[in-house]
Amino acid sequence: MRIAIITPPPFVLTAPAAAPSVLTSVLREHGHEAMCFDLSRFCVDRLLTEEHVRSAGIQGGRLPSAVVAGLAAWIPEVKSALASSSTYTSVDLYDPARQSIDDALDLLASAHGASRWTSTRFSGDHDRTDAESLFAAARRGGEVFDRVLPEALAAIETFAPQVVAISLSIPDQLYPALRIGFLIRSALPHVKVVLGGASATRIRTALLRLPDLFDFVDFLQLREGEFSIVALVEALAARRDPIDSVAGLHARRSGQIVSSTANTRGTFPLDRMPVPAFDDLNPGPYLSARPLLPVSTTRNCYFNKCTFCAISRSFDAGFRIMPPERSLEQAMALRARHQGAILRDVSEAIPPPALLRYADLAAATGDPPPFEANLRMEHRFADPGVAQRLYAGGLRTVHFGLESASPGVLRHMRKELDVQVATTALRAFAEAGIWCHLFLIAGHPGETEGDHELTQNFLRLNRPWIHSIQAQPFGLAVDSDLESLVDKYEMRLAARAPGSLSFDLDVEDWGAAPGPDVARARAQDLRRIAYGEADDTLARSRLLWDAHRVEFAVARGLPEIRGSSNLAIRGPSWTETTAAGT
């Protein structure tokens, strides 16, 4: 059978999503014809052309003609710079790409009304806490990417799929996924549409109360999909109802949601995972100088204690890891297929013993594939010799989940990290030549102003070894352990509407937690300290200034700046422009 696997907008602009490439390779291994369609990349690539910029600006009627002309001239320049830079560090490129292009997308969306659209955020003329509103909007359409969806769907129709699988990786893809499902079912009623992915699993309880969901898709598949997608396709090929045999599958029958009672899925053995299929995606118009290919060598998190994290709810079983020998085989195969590729391991965190074993094996080849990884700041990583071994094995960028430099807040989070170890690890990795990126959370329950000052001081002290950060205001996520801890922090949750598809819980009283306004302000403090007070850090990326040079000029022509609240790199000029409202 032919299966189209779709990534809906929005998604990062530098690389494809991991799940579709894995599912494609699994299906091909079982003899099916499968192809990935990255509609996020497609929509951005088509919309950010001079033709569409001018058309959207004029038809929307909400952008001054000077701004439309500036965008039309500026976007190709930025995209060209990002795609041809000779110096590649993915974090260094990702931030200016996201910020510059995000602002362009947001401006175009603003020409069409209330929509917000960036590379990882989308909000349109609908309310995600109200399924009826969301479903009505998905039937109605009218968002900015609807301008180019017909062209994308025509490409899918040319492929002539019998099954379309829509992968929901991040929450803001929900509306676009429903809209795409609605259009496909309307135009191709013989095609079966299945919705799945980690974010669908996170809101499974709400989805399974909404029979109208199946106006947009034929099936809902929860949790891991490697076994399920094959079983679904083979049942359809045999003209059997998949609901009888595919574990984790849900559908509507006679107006009611029915769930499969099959229990035959098991867990997919990672040592048998085929090499992800990126052949129909790369090279492509991603905003990176070299192919950035996501790989996933684990399932779940080996630590799995952090209060704020809901990742474990998306998987079938406990922590599993691909043997380092198999990881290296995949890495070598991908590099052979995609010249100059950087591999981005999207695993939640790789245990030190497995990572070091991989690095030693890769170093022994004499030419290790360069890669990035998410790591916990374990004691083992505070050793300069370990950092040097990892660099020799190809590690070029590390994403450390520090979250806070306050021992008290780390205890609230159950992180089990030592701040001094974090300091030593940062220096060891940076001096080994590895780009160090920090994830931070501001405003976690229990965080005081004194705790916030500790994190600010940590950033100042370790500025020479911190290359980039992402500071995220705390939010209370569905399925996180904090749902069971609200009483501890004297928080009071609002009653959740039966039709709510929000990925966040509504809080009536934040109690001992700082609250969203304070959290946003503190996150901005951290970004300002990491970048606004460090011109030398910003100057490391000439590309950053090139990408923003025209942005500042365009922004000054607008009555209001609507930039994302979670951008990681902003120069002083942007801060001054926003504050002035000019």
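On a predicted model such as this, the values are computed, not experimentally measured, just so you know.

**Here's the deal with the pattern of salt bridges**
Once their charged atoms are close, side chains differing in charge can pair, the charge on each being opposite to the other. Counted under the stated rule, the structure contains 26 salt bridges. Note that Glu 372 and Arg 344 form a salt bridge whose closest N and O atoms lie 3.3 Å from each other. Remark: Arg 344 occurs in strand β13 (residues 342–345) and Glu 372 occurs in strand β14 (residues 371–375); sequence separation between them is 28 residues.

**Brief notes about the side chain of Arg 376**
Looking at where Arg 376 falls in the secondary structure, it is placed in the loop between β14 and α14 (384–392). Relative accessible area serves as the criterion here: at 6%, Arg 376 is assigned to the buried category. Sequence-distant contacts of Arg 376, that is, excluding residues within four places in its chain, are made with Tyr 302, Phe 303, Ala 349, Phe 381, Phe 400, Lys 415, Glu 416 and Leu 417.

**What to know about the nonpolar core**
Core analysis: the biggest nonpolar cluster contains 63 residues, and Ile 6, Trp 117, Ile 184, Leu 213 and Leu 501 have the highest contact counts within it. Aside from chain neighbours lying at most four places away, what touches Trp 117 is Pro 9, Pro 10, Cys 43, Val 44, Leu 47, Asp 102, Leu 105, Asp 106, Ala 109, Phe 122, Val 144 and Phe 145. Among the nonpolar cores identified, the runner-up in size contains 54 residues, and Leu 328, Ala 354, Leu 375 and Ala 405 belong to it.

**Section: the packing of helix α13 (residues 352–364) against α14**
Packed helices, taken two at a time, are described by the angle their axes make and the gap between the axes. Where α13 contacts α14, the two axes come as close as 7 Å, and the packing angle between them is 50 degrees. What the angle tells us is that α13 and α14 run oblique. At the point where α13 passes α14, the crossing takes the left-handed sense. Residues Leu 355, Leu 356, Ala 359, Asp 360 and Ala 363 of α13 form the contact with α14, whose participating residues are Val 386, Arg 389, Leu 390 and Ala 392. When its residues are assigned to classes, the contact of α13 with α14 shows seven nonpolar, no polar and two charged.

**Brief notes about the confidence of the model for the chain**
Scored by pLDDT, the chain comes out at a mean of 81, with 80% of its residues at no less than 70. Element-level mean pLDDT values for the chain span from 25 in helix α21 (residues 572–580) up to 98 in α13. The low-confidence segment residues 533–582, where pLDDT is below 50, has 106 contacts with residues more than four positions distant or belonging to other chains.

**Some details on empty space enclosed by the protein**
According to the stated counting rule, one finds four cavities of 30 Å³ or more in the structure shown. Along the walls of the largest cavity sit 17 residues, with Thr 297, Ser 327, Asp 345, Ile 350 and Tyr 358 positioned nearest its centre. Put simply, the parts of the chain that give the lining of the largest cavity at least two residues each are α12 (324–337), β13, α13 and β14. Among the elements that make up the lining of the largest cavity, the one with the highest residue count is α12 (five residues).

Basis of the calculations
Each residue is numbered by its place in its chain's sequence as written, counting from 1. Local features in a predicted model are, by the rule used here, given only for residues with pLDDT of at least 70; side-chain atom pairs are given and counted only at 80 or more, and totals for whole chains, interfaces and linings are based on all residues. Side-chain numbers come from the whole structure's heavy atoms, not from hydrogens or water. The term salt bridge refers to a side-chain nitrogen of Lys or Arg lying within 4 Å of a carboxyl oxygen of Asp or Glu. Runs of H or I in DSSP of at least four residues are treated as helices and runs of E of at least two as strands, each being numbered from the N terminus. Throughout this description, buried means an accessible area under 20% of the type-specific maximum (1.4 Å probe, protein chains only), exposed means over 50%, and partly exposed covers the range between. In this description, contact between two residues means that some pair of their heavy atoms is separated by no more than 4.5 Å. Here, the term nonpolar core denotes a set of buried Ala, Val, Leu, Ile, Met, Phe, Trp, Tyr and Cys residues that are joined through side-chain atoms within 4.5 Å. Each axis is a line fitted through C-alpha atoms, and for a helix only the stretch in contact is used; angles between axes span 0 to 180 degrees, taken between their N-to-C directions. Each angle receives one of four descriptions, namely roughly parallel if under 35 degrees, roughly antiparallel if over 145, roughly perpendicular if within 65 to 115, and oblique otherwise. Left-handed describes a crossing whose near helix is turned anticlockwise from the far helix through less than a right angle; right-handed describes the clockwise counterpart. Residue polarity is assigned by list, with Asp, Glu, Lys and Arg as charged and Ala, Val, Leu, Ile, Met, Phe, Trp, Tyr, Cys and Pro as nonpolar; anything else, Gly included, falls into the polar class. Confidence per residue, as judged by the predictor, is encoded in pLDDT with a range of 0 to 100. Only protein atoms enter the 1 Å grid used here. Points where a 1.4 Å probe fits but cannot escape make up a cavity, open sets with protein on both sides within 12 Å along at least five of seven lines make up a pocket, and a residue lines them when an atom lies within 4 Å of a point. Grid points are joined across faces, edges and corners, and a volume is the space filled by probe spheres set on the points.

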